[in-house]
Amino acid sequence: MNKHNQLIKKLKLSILSINNLIERYFTNFKNLKSNFKKGELIKNNRVFFGFSAAVILTLGYFLLPTIYDENIIKSTIKNQVYKKYNINLDVKDNVRYGLIPRPHFVVKDLPIILDKKEIGVIKNFKSYIALNNFFLSKNIEIKDLILNKTDFYLKKNDLIFFEELLMTPPNDNKIVIKNSNIFFQNENDELLFLNKIKNSKFYYDSMNLENTFTSKNEIFNIPYKLIIKNDKFNKEINIDFNSKKIRLNLSNYISYQDNLKKGILDILFVNKTTELSYQIKENSLIFKNDDKILSGSLDFKPFYLKADLNYDGISTKDLFTDESIFIDLIKSEIFNNQNLNANINLKIKDITNINELNNLELKINLNQGIINLSESKIHWKDDLIISMQDGILDYNDEGIFLTGRLIIQLEDLNNFYQSFQIKKMNRKKLKKIEVDFVYNFNRNKFQFDNIKIDNNSYENVDIFIDNYNSSEKKFFNKIIFKNFVKEFINNYSG
């Protein structure tokens, strides 16, 4: 029994000893944690106050311009922009200060003045500030300029605004113009065209010693990219124009060493490259190339273009289908300008996808938005001469349509009959066929009416034409076209 009691006593003492150890451990841990927190708090307070002081000093530094005299800021912006870029800004409204992404001044609805007249309004003007002289309120330096949502109202003589930007003395700054419009007007304030500026930038290229202008634009619903580089030392300008939509690339070199400006233009149009030389006089531009592929003149006042273009070969797909470059230009509404007048003669030696067609003479006359193709003609080998009278091109919501009257002169009747394998019993003599037509570019479909053969009408022919009009046959298909001609002659003969 005594042994049993002694064992119990020893066990109790052991448990008590373990409890004391556990209590001492947690007491020491608690004290250590308390002391650690006090040390960290002191340390964190030092970091916090140091960080706060740095933030206050930094913000105070960057917010210094807000305490400047606003009249001084207005005068600084106006004078420095004019001195650096020859841009006259009428700074009247309040100037706001911004900090993000870097210190800048903002002015709303800021007019641009040229020769004492307003040529534009900047809806959102921003000028960044150099950081090296913040404390000198009278010596704040204006850096990069942002002209956002600017509407320019320009006439021919006002283009000097952009020309002078390309003459800017070398500097490290840039001018960005974005989301803006150029309304180009004639002397009567009538709108000639609208050019939309998506994003453009003027800057000095210190590597090549050139003033550079890069821009993404849109005109007549045609997007294009433009790069202009001015080498003032050699008095040379290089211009690159690119528009994927109309498949046109232009590379232009201009020398302005004397009063007569002249240059060389490389044109890549529908996969055909042409080099063009030109001269710019006061109110006109004269151009030509050595191969006599392209020549003509452009009068600036009034806006009138006269041009002769010659091609060795082109496909009807590039002229008369909904995917052609010609149709893309019509859809762009570039020809709908009431102030655009042009007389273009396009001569094409061969139609590449229809061997029998050749010597196309397409006469395009533009007058107050009307596209007239009268007097155009094409040859079917040496057998036929097909001329068009009263040809008008119309574009509306329903599609693109060419309407007019065709006059077909038969020059070599025997060869014509042989080509289309007309039976000898149906080979009647005829000299001229006349027919009214409507061609739908979207459907690649002709419709004919009022046919006369040597000034006479024929019932069988009229019935045949009505049946053709009600069908969906494509005219510019070689087999369908030959069958059409063959059936037409057979109905006339029968």
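Parameters at a glance
Residues numbered from 1 in each chain as written. Predicted model: local features only at pLDDT ≥ 70, side-chain atom pairs only at ≥ 80, totals over all residues. Heavy atoms only, no water. Salt bridge = Lys/Arg side-chain N within 4 Å of Asp/Glu carboxyl O. Buried < 20%, exposed > 50% of the residue type's maximum accessible area, 1.4 Å probe, protein only. Helix = DSSP H or I, 4+ residues; strand = E, 2+ residues; numbered from the N terminus. Contact = heavy atoms within 4.5 Å. Phe/Tyr/Trp six-rings, centres within 6.5 Å; stacked < 30°, edge-to-face > 60°. Lys NZ or Arg CZ within 6 Å of the ring centre and 35° of its normal. Polar contact = N/O pair within 3.5 Å; in protein donor to acceptor, adjacent residues only side chain to side chain.

A few words on the pattern of salt bridges. Under the counting rule described, the total for this entry stands at ten salt bridges. Close ionic contact of K92 with D90 constitutes a salt bridge, the shortest N to O distance being 3.4 Å. With relative accessibility at 60%, the residue K92 sits in the exposed group. Close ionic contact of R405 with D436 constitutes a salt bridge, the shortest N to O distance being 2.6 Å. Within this pair, whereas R405 is found in strand β22 (residues 399–410), its partner D436 is found in strand β23 (residues 432–440), the two being separated by 31 residues in sequence. Note on D436: relative accessible area 25%, which makes it partly exposed. Here the salt bridges do not stand alone but share partners, grouping R405, K432, E434 and D436 into one network.

Note on placement: I371 falls in strand β19 (residues 370–372). As a C-alpha pair, I371 and G391 span 20 residues in sequence and 8.5 Å in three-dimensional space. Not counting chain neighbours up to four residues away, the residues in contact with I371 comprise F335, I364, N365, L366, G391, I392 and L393.

This part takes up the packing of aromatic side chains. For the coordinates displayed, the defined rule picks out 23 aromatic pairs. Between F437 and F446, the ring centres sit 5.7 Å apart and the planes meet at 55°, which makes this aromatic pair tilted. In this structure F437 comes out as buried when scored by relative accessible area, which is 4%. Among the aromatic residues, those joined into a ring-pair cluster are F437, Y439, F441, F446, F448, F464, Y468, F484 and F488. The ring of Y203 has K201 sitting right over it, with the charged end atom 5.1 Å from the ring centre. One residue, K428, lies across the ring of Y492, its end atom 5.8 Å from the ring centre.

This next bit is on the side chain of S215. Its place among the elements puts S215 in strand β8 (residues 210–219). Among the residues examined, S215 registers a relative accessible area of 5% and is labelled buried. A polar contact is formed between the side chain of S215 and the side chain of N217, at a distance of 2.9 Å. In contact with S215, not counting residues within four places along its chain, are I197, N199, S200, Y224, K225 and L226.

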